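What follows is each chain in one-letter form.
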Amino acid sequence: MANRYSLWSLIKHGLKHHESWQPAWQSPTPRNKYDVIIVGGGGHGLATAYYLAREHGITNVAVLEKGYLGGGNTARNTTIIRSNYLWDEAAQLYEHALKLWEGLSQDLNFNVMFSQRGVMNLGHTLQDMRDIERRANANLLNGVDAVVLSPSEIRDIVPLMDVSSKTRYPVMGASFQPRGGVARHDAVAWGFARAASELGVHIIEQCEVTGMLIDGDRIKGVKTTRGDILADKVGCVAAGNTSTLAKMAGIRLPLESHPLQAFVSESLKPCLDTVVMSNAVHGYVSQSDKGELVIGAGIDSYLGYGQRGSPHIIEHTAAAIIELFPSFSRVRMNRQWGGIVDVSPDACPIITKTRVKGLFFNCGWGTGGFKATPGSGNVFAHTIANDAPHRLNAAFSLDRFASGHLIDEHGAAAVAH
Ligand code: FAD
Ligand code: PYC
């Protein structure tokens, strides 16, 4: 960044009202045929295209996005990044992602503002604390950093939190992952898009996939609002819209699409420099670099494709946060929004081949896929390029719902489920 965008060039562009800014990625006319089409221009789709080009030398790739890049869950999420999952398969997959996050700004030459400020999961009952200790031990065995904190240690890190015994749900302790944190979500989409585009990937926005072209048992391409586009392989990474795409290929996936919402406050002076989550009071909060409190909780329980949510969830979430941080009761809230999350039965992703040869799905990340973005793209690119799973996503295929080898991560998926 430093060379291409020097201080002088920033001032020059600022004075010119951005008139001569170069587009960060090319928007070419679609070719008739690609080696690989990725459906969905969120972080996962763009990361997949980037790793296909960079690690597998497959550059004749198009990412088709029905709206604008990152306009789905990628730019609607609350950006919590951690890898403290219970089971080996999940912990290793999310830890792979966390390691990629640690070098991502350098790798993409784009500042994704990854900030390792730590993520804290509070315990309020004896059973919560047993679960926390079990998960922290499991994390350590998987090489994932984990610390169990007492209430006084929590107070040292988060002085504003009420850790007294007088509250309705007293805080008994917490797990803490120091390497966890947050990142700038839209920068992640832009960074992957620019890096993929520089490697020759076509990024095509305003191009909705409306059907699948299937010949016998093999994918041949997709129908789109910009005409038919042929491809040898198609990878779908469409989060809440995945079931709709799967139906186009005659496939039914074990997914439910739910609204998940979040909201932010007015900007405050720095007062919270870590991420706090609580399953029991059912809310989580962090402070953005702009000073806003970023707050959220669980899904709306009905199924839906509206990118908004119900007022009672906001009320419940605000009450939960004020329970933990009484001083936040005076803070005014600025904005609220929702996304559509694709929830699977075991709260784990589905990264899979299908019975249609050349057609792949990467979905089911539900309320927790942002943290996985680079890792998910990395293993999905491997799966598409080799027509076989990467060792880290072999356990996450569709077969597990027939064989019963579920990876139950409802506990670690935590507050947002
Ligand atoms: P998306 O970014 O949704 O990308 C899919 C893209 O596919 C979209 O841009 C969509 O327009 C496009 N698309 C769909 N159908 C078609 C079609 N037919 N043709 C072409 N394009 C199509 N995760 C965390 O790890 N930490 C968090 O703190 C966190 N907080 C969240 C808070 C909220 C409010 C929400 C909604 C989600 C949260 N998540 C969080 C989950 C996370 O956002 C998602 O799991 C992740 O961003 C999914 O990324 P994606 O690239 O798969 O999906
Ligand atoms: O997966 O850590 C998470 C998360 C937090 C808020 C939404 N998802």
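Everything discussed here concerns the structure shown above.
Parameters and conventions
Residues numbered from 1 in each chain as written. Chains lettered and ligands numbered in written order. Predicted model: local features only at pLDDT ≥ 70, side-chain atom pairs only at ≥ 80, totals over all residues. Heavy atoms only, no water. Helix = DSSP H or I, 4+ residues; strand = E, 2+ residues; numbered from the N terminus. Rg over C-alpha atoms; globule rule 2.2 N^0.38 Å. Buried < 20%, exposed > 50% of the residue type's maximum accessible area, 1.4 Å probe, protein only. Contact = heavy atoms within 4.5 Å. Areas by Shrake-Rupley, 256 points an atom, 1.4 Å probe, with all protein chains shown as cover. Near = heavy atom within 4 Å. Polar contact = N/O pair within 3.5 Å; in protein donor to acceptor, adjacent residues only side chain to side chain. Nonpolar A, V, L, I, M, F, W, Y, C, P; charged D, E, K, R; others polar. Pairing = 2+ DSSP bridges. Right-handed = clockwise from strand over helix to strand, strands pointing away. Axes fitted to C-alpha atoms, helices over the stretch in contact; angles between N-to-C directions. Parallel < 35°, antiparallel > 145°, perpendicular 65-115°, else oblique. Patch = residues over 30% accessible without salt bridge, like charges linked within 9 Å, V, L, I, M, F, W, Y side chains within 5 Å. Salt bridge = Lys/Arg side-chain N within 4 Å of Asp/Glu carboxyl O. Phe/Tyr/Trp six-rings, centres within 6.5 Å; stacked < 30°, edge-to-face > 60°. Core = buried A, V, L, I, M, F, W, Y, C linked by side-chain atoms within 4.5 Å.

1. Digging into the overall build of the protein chain
Along the protein chain, the regular secondary structure elements total 11 helices and 16 strands. Since a compact globule built from 417 residues should have a radius of gyration of about 22 Å, the 21 Å found for the protein chain is in line with a globular shape. Viewed in the frame of its principal axes, the protein chain has a C-alpha envelope of about 65 × 60 × 40 Å. The 417 residues of the protein chain split such that 56% are buried. A fraction of 76% describes how many contacts in the protein chain between residues 6 or more apart in sequence connect residues 24 or more apart. Summed over all atoms, the accessible surface of the protein chain reaches about 18000 Å², with 53% contributed by carbon and sulfur.

2. Let's talk about the site of ligand 1
Not every one of the 38 residues close to ligand 1 is listed here, only the nearest: Glu65, Asn73, Thr74, Thr78 and Lys371. Here an oxygen atom of ligand 1 and a backbone polar atom of isoleucine 80 are 2.9 Å apart. The backbone of glycine 369 places a nitrogen or oxygen atom 2.9 Å from an oxygen atom of ligand 1. At the level of elements, helix H2 (43–56), strand S10 (256–267) and strand S14 (333–343) are the ones that each hand at least two residues to the shell around ligand 1. Looking at which element gives the most residues to the shell around ligand 1, the answer is S10, with 3 residues. Its residues assigned to classes, the shell around ligand 1 shows 15 nonpolar, 18 polar and 5 charged.

3. Describing the pairing of strand S1 (residues 33–39)
Remember that side chains alternate between the two faces of the sheet whenever the strand is regular. Most of S1 is tucked away: 5 of the 7 residues are buried. Where S1 meets strand S9 (residues 229–236), 6 bridges bridge the pair, whose relative direction is parallel. By the bridge assignment, lysine 33 is partnered in S9 with leucine 230. Sheet topology note: the S1/strand S2 (residues 61–64) ladder contains 4 bridges and is parallel. Of the residues in S2, the one forming a bridge with valine 36 is valine 61. In the classification by handedness, the crossover that spans S1, the intervening H2 and the parallel S2 is right-handed.

4. Examining the site of ligand 2
Every residue near ligand 2 is listed here: Thr78, Ile80, Arg82, Met277, Tyr284, Thr367, Gly368, Lys371 and Ala416. Threonine 367 is positioned such that a nitrogen or oxygen atom in its backbone is 2.8 Å from a nitrogen atom of ligand 2. Between ligand 2 and lysine 371 there is a distance of 2.5 Å, counted from an oxygen atom to a side-chain nitrogen or oxygen. Here the residues of the shell around ligand 2 sort into 4 nonpolar, 3 polar and 2 charged.

5. So, the pairing of strand S8 (residues 218–224)
For strand S7 (residues 209–215) and S8, the ladder comprises 6 bridges, and the chain directions are antiparallel. When the sheet's bridge partners are listed, valine 209 is paired in S8 with threonine 224. Connecting S7 to the antiparallel partner S8 that follows it, the hairpin turn spans 2 residues, and glycine 216 within it adopts a positive phi of roughly 65°. Here S8 runs beside S9; their pairing, made up of 2 bridges, is antiparallel. Bridge pairing links valine 222 to isoleucine 229 in S9.

6. Remarks on the packing of H2 against helix H3 (residues 88–108)
At a closest axis distance of 14 Å, the pairing of H2 and H3 adopts a crossing angle of 75°. The angle between the axes of H2 and H3 places the two elements in the roughly perpendicular class. In this structure, H2 contributes Tyr50, Tyr51 and Arg54 to the contact, and H3 contributes Leu100, Leu104, Asp107 and Leu108. Residue composition of the contact of H2 with H3, by class: 5 nonpolar, no polar and 2 charged.

7. What about a nonpolar patch on the surface?
A contiguous nonpolar patch, built from Leu7, Trp8, Leu10, Ile11 and Leu15 and spanning about 600 Å² of accessible area, is present on the exposed surface. Assignment of secondary structure puts tryptophan 8 in helix H1 (residues 7–15).

8. Comments concerning the packing of aromatic side chains
Enumeration according to the criterion identifies 8 aromatic pairs in this entry. Between tryptophan 101 and phenylalanine 370, the aromatic rings sit 5.3 Å apart at their centres with planes inclined by 50°, giving tilted as the arrangement. On the criterion of sequence distance, the pair formed by tryptophan 101 in helix H3 and phenylalanine 370 in the loop between strand S16 (359–363) and helix H9 (373–386) is long-range, its members being 269 residues apart. Each member of the pair, tryptophan 101 together with phenylalanine 370, is buried.

9. Section: the nonpolar core
Core analysis: the biggest nonpolar cluster contains 51 residues, and Trp101 and Phe192 have the highest contact counts within it. For this core, the elements supplying multiple residues, two or more each, are S1, H2, S2, H3, helix H6 (185–198) and H9. Look past the residues within four positions of tryptophan 101 in its chain and what remains in contact with it is Ile81, Val112, Phe114, Ala183, Val188, Phe370, Lys371, Thr373 and Pro374. Core analysis: the second largest hydrophobic core is formed by 27 residues, Cys207, Val209, Ala231 and Leu253 among them.

10. Brief notes about the sheet that holds strand S12 (residues 283–287)
Read from one edge of the open sheet, 8 strands run S4-S5-S3-S11-S12-S13-S10-S14, paired in mixed fashion. Every other strand in the sheet has two partners, leaving strand S4 (147–149) and S14 as the edge strands with one partner each. In this sheet, adjacent strand axes meet at a mean angle of 20° when their direction is disregarded. By the bridge criterion, 4 bridges tie S12 to strand S13 (residues 292–299) in an arrangement that is antiparallel.

11. Looking at unusual backbone geometry
In this model, alanine 239 sits at a positive phi of 45°, which is unusual for a non-glycine residue. Its place among the elements puts alanine 239 in the loop between S9 and helix H7 (242–248). Given the relative accessible area of 28%, alanine 239 is considered partly exposed. Even without a glycine there, the phi angle at alanine 347 is positive, about 60°. If you trace the backbone, alanine 347 turns up in the loop between S14 and strand S15 (350–353). The class for alanine 347 is buried, based on a relative accessible area of 7%.

Interpretation in functional terms is not warranted from these geometric data alone.
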